[in-house]
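Structural description and commentary
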Amino acid sequence: MICKNQLIVFITSKMKVLLIATNKIRTPRPALPLGISILSSVLKRNGYTVECLDLCWETKDHVAVINKLKNFKPDVVGLSIRNIDNLTFLDPQFFGFQINRIVLCCRKYSNAIVVLGGTGFSVCYEQLYNFVEPDFGIVGEAEDSFVQLLNTLKLKQYSFRNISGLCFVNAERIFTKNPISCSFKLHESEISDRSIYNSNYFNPHQSLLTELEEDRSSVIETIQTKRGCNLQCSYCIIKKTEGTKIRLKTPEQVVSEMNEIVGNGVGVHELEIIDASFNNPLDHAIEICEYIIRSGLKIKWFCQLAIPFITSDFIQLLEKSGCYKVELGTDGLNDNTLSILEKGFDMDKVIEIDTMLHKSKISFTHCVFFGGPGDNGKYFIESIQNVKRLKSNQVYANLGIRAFGNTKLYDMGIQKQLFSNEYNYMLPTFYVEPELLDNAGHLNLLDEYAVNNKNCY
């Protein structure tokens, strides 16, 4: 194995680890670095000295990184990459240069081993590894793999073949990624280290640009009730980061964590359940709602829902358990696009669920894409007509869909010659129907809709 940093020398068993959250995006709302908070907790339980640096609130990243390196003197630096770009077709921003600058700072001002991880790394690991040239990378869940890597380095064994998802350059100078052979188990000891959270996340005056019904934001915390997703959406990358096997926390675990968050002294007023689809599987979501009600926990919360698993009884249970807002993964607004995206429902189902939620007290948002596969010609006109049928409080709309490698959407883009098979999808790459972009009349319709509907973001 070839390490970019040749100085792998650890004098004591108390290895020091610096975790850096690299995310800078604050819209539609600042996202708590839940991943490294869990990783920090795991590393501390395994005897490692850990400090964290969150760049979301830093104005000069390199200055913050240099100061932390000089003061803490870490043996290992782990970079958590939430996104590799801002996922926006109309104003694409690539974050690879930021990541590269951080790695260069680590090289210049420390002898630390550099490890990349997080969702942004997992979805384009080989391209980003070759661009940034860290010592290691971890694809998928890092809790177990990072501990194994640190233990291996500490013992100076330098045999990395059995570490799940580990990326490195081998002795023949060939990029290597180990198979993902295990998944982090959601047992009771999975407790987040919330001491790492910057107090700015809990400032009630932090603006939420998409909260159209509220004058200011509440203090929000985040929680997961499971990992993994078995749905077949053609653009989805969750299978790369969490796998297709759904692993569940028990309702008791979830409510216990909720109670811990409420009592942590920072004045949390509401929770976001950040599962890709809280109601998949539906029976697990029902059990959690029922347990919240029985526990007497009083807190507002919101979540993301998959349309196929919503029922009228479930909506009532959501409302009763404190859920006041949901975001729907609608994605397409005509049957042709919904079928190509493999969403598992049609527009009749969308309107049915829209009507159900409109009758409840729950605020709801449809998250949709315009210009996705099949959303052109008469189907695009149909999408515009259908969006006007929605009764939701808000429509969160995007033009085009971010296309990552090894997805069905990316293959469709190649077939349509939107990009070539050799294209580096680490760079912002989007599927947008060419016919839509070439049709000024259709784009004007989209502009007109956005301007004339104040509930559109």
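Look a little higher up for the structure.
Rules and cut-offs
By convention here, each chain's residues receive numbers from 1 onward along its written sequence. Local features are withheld for residues below a pLDDT of 70 in this predicted model, meaning they are given only at 70 or higher, and side-chain atom pairs are given and counted only at 80 or more; totals for whole chains, interfaces and linings count all residues. Derived side-chain values reflect all non-hydrogen atoms in the structure, with water molecules and hydrogen atoms excluded from consideration. The salt bridge criterion pairs a side-chain nitrogen of Lys or Arg with a carboxyl oxygen of Asp or Glu, the two atoms within 4 Å. Strands here are runs of E lasting at least two residues and helices are runs of H or I lasting at least four, both read from the DSSP assignment and numbered beginning at the N terminus. Throughout this description, buried means an accessible area under 20% of the type-specific maximum (1.4 Å probe, protein chains only), exposed means over 50%, and partly exposed covers the range between. What goes into a patch is any residue over 30% in relative accessible area without a salt bridge, connected to like charges within 9 Å or, for nonpolar side chains (Val, Leu, Ile, Met, Phe, Trp, Tyr), within 5 Å. Methods summary: accessible areas were calculated by the Shrake-Rupley approach with a probe of 1.4 Å, and residue burial reflects only the protein chains presented. For the charge count, each Lys or Arg is scored as positive and each Asp or Glu as negative, with His and the chain ends excluded. Each charge is placed at NZ for Lys, CZ for Arg, CG for Asp and CD for Glu. The contact definition used throughout considers only heavy atoms, calling two residues in contact when any of these lie within 4.5 Å. Nitrogen and oxygen atoms within 3.5 Å of one another constitute a polar contact, given that in protein one can donate a hydrogen and the other can accept it, and given that sequence-neighbouring residues count only through two side-chain atoms. It is the directions from the helix axis to the C-beta atoms whose arc is reported. For two strands to pair, DSSP has to find at least two bridges joining them. Interaxial angles span 0 to 180 degrees and are taken between N-to-C directions of axes, which are lines fitted to C-alpha atoms, for helices over the stretch in contact. In a helix, the anticipated span is given by 1.5 Å times the number of residues less one. Nonpolar cores are built from buried Ala, Val, Leu, Ile, Met, Phe, Trp, Tyr and Cys residues. Side-chain atoms within 4.5 Å join them into one set.

**Describing the pattern of salt bridges**
- Applying the stated criterion to the full structure yields 16 salt bridges.
- Glu-141 is the salt-bridge partner of Arg-247, the closest N and O atoms lying 2.9 Å from each other. One end of the pair, Arg-247, is in strand β10 (residues 247-248); the other, Glu-141, is in the loop between β5 (136-138) and α6 (143-154), and 106 residues separate them in sequence. Per residue, the accessibility class of Arg-247 equals that of Glu-141, and both read buried.
- Close ionic contact of Glu-257 with Arg-194 constitutes a salt bridge, the shortest N to O distance being 3.1 Å. Here Glu-257 is found in helix α8 (residues 251-262), whereas its partner Arg-194 is found in the loop between β7 (175-177) and β8 (220-223), with 63 residues between them in sequence.
- Note on Glu-257: relative accessible area 7%, which makes it buried.

**Observations regarding a negative patch on the surface**
- Taken together, the side chains of Glu-252, Asp-283, Glu-287 and Glu-290 present a region of like negative charge at the surface.
- For the negative patch, the element with the highest residue contribution is helix α9 (residues 282-295), accounting for 3 residues.
- Looking at where Glu-287 falls in the secondary structure, it is placed in helix α9.
- Accessibility expressed as a relative area gives 40% for Glu-287, which makes it partly exposed.

**A closer look at the environment of Lys-343**
- Locating Lys-343 in the fold gives a position in the loop between α11 (335-340) and α12 (347-358).
- A relative accessible area of 12% means that Lys-343 is categorised as buried.
- Here the alpha-carbon distance between Lys-343 and Ala-306, two residues 37 residues apart in the chain, equals 9.2 Å.
- When residues no more than four places from it in sequence are discounted, the contact partners of Lys-343 are Cys-233, Tyr-235, Pro-308, Gly-329, Thr-330, Asp-331 and Leu-338.
- In terms of polar contacts, Lys-343 uses its side chain to reach the side chain of Asp-331, at 2.7 Å.

**Some words on helix α13 (residues 378-387)**
- Listing the buried residues of α13 in full gives Phe-380, Ser-383, Ile-384, Asn-386 and Val-387. Around the axis of α13, the buried residues are gathered within 165° of arc, so they sit on the same side.
- Taken together, the buried residues of α13 touch α12, β14 (363-370), β15 (394-399), α15 (434-437) and α16 (440-452).

**A short note on the sheet that holds strand β4 (residues 113-117)**
- Across the sheet, 7 strands lie side by side as β2-β1-β3-β4-β5-β6-β7; this open sheet has mixed pairing. The open sheet has two free edges, formed respectively by β2 (49-54) and β7, since each of these has just one partner strand. In this sheet, adjacent strand axes meet at a mean angle of 20° when their direction is disregarded.
- Of the strand pairs in this sheet, strand β1 (residues 16-21) and strand β3 (residues 76-80) are connected by 5 bridges, and their pairing is parallel. Pairing of Ile-20 across the sheet is with Leu-79, part of β3.

**Considering helix α3 (residues 96-109)**
- Over its 14 residues, α3 extends 20 Å from the first C-alpha to the last, a length consistent with the 20 Å expected when each residue adds 1.5 Å.
- Considered for burial, the residues of α3 that qualify are Gly-96, Gln-98, Ile-99, Ile-102, Val-103, Cys-105 and Cys-106.
- Packing partners of the buried residues in α3 comprise β1, α2 (61-72), β3, β4 and α5 (125-132).

**Remarks on the nonpolar core**
- Judged by nonpolar contacts, the single largest core of 135 residues is most densely connected at Leu-43, Leu-116, Phe-146, Phe-278, Trp-301, Leu-318 and Val-326.
- Excluding its chain neighbours within four sequence positions, the residues that come into contact with Phe-278 are Thr-225, Lys-226, Ile-273, Ala-285, Ile-288, Cys-289, Trp-301, Cys-303, Gln-304, Leu-305, Phe-314 and Leu-318.

**Here's the deal with unusual backbone geometry**
- The step from Asn-280 to Pro-281 runs through a cis peptide bond, and the omega angle for that step is 5°.
- Although it is not a glycine, Lys-73 sits at a positive phi angle of roughly 55°.
- When you line up the elements, Lys-73 lands in the loop between α2 and β3.
- Although it is not a glycine, Leu-87 adopts a positive phi angle of roughly 60°.
- Overall, Leu-87 belongs to the partly exposed group, its relative accessible area being 35%.

**Some remarks on the sheet that holds strand β11 (residues 270-273)**
- Strand order in the open sheet formed by 6 strands is β8-β11-β12-β13-β14-β15, and the pairing between neighbours is parallel. This sheet does not close on itself; its edge strands, each paired only once, are β8 and β15. Taking the axes of each pair of neighbouring strands and ignoring which way they run, one obtains an average angle of 20° across the sheet.
- Across 5 bridges, the pairing between strand β12 (residues 300-305) and strand β13 (residues 323-331) is parallel. Residue pairing across strands places Phe-302 opposite Lys-325, the latter belonging to β13.
- This element, α8, spans β8 and β11 of the sheet and lies at about 155° to β8.

That's the geometry; what it means functionally is another story.
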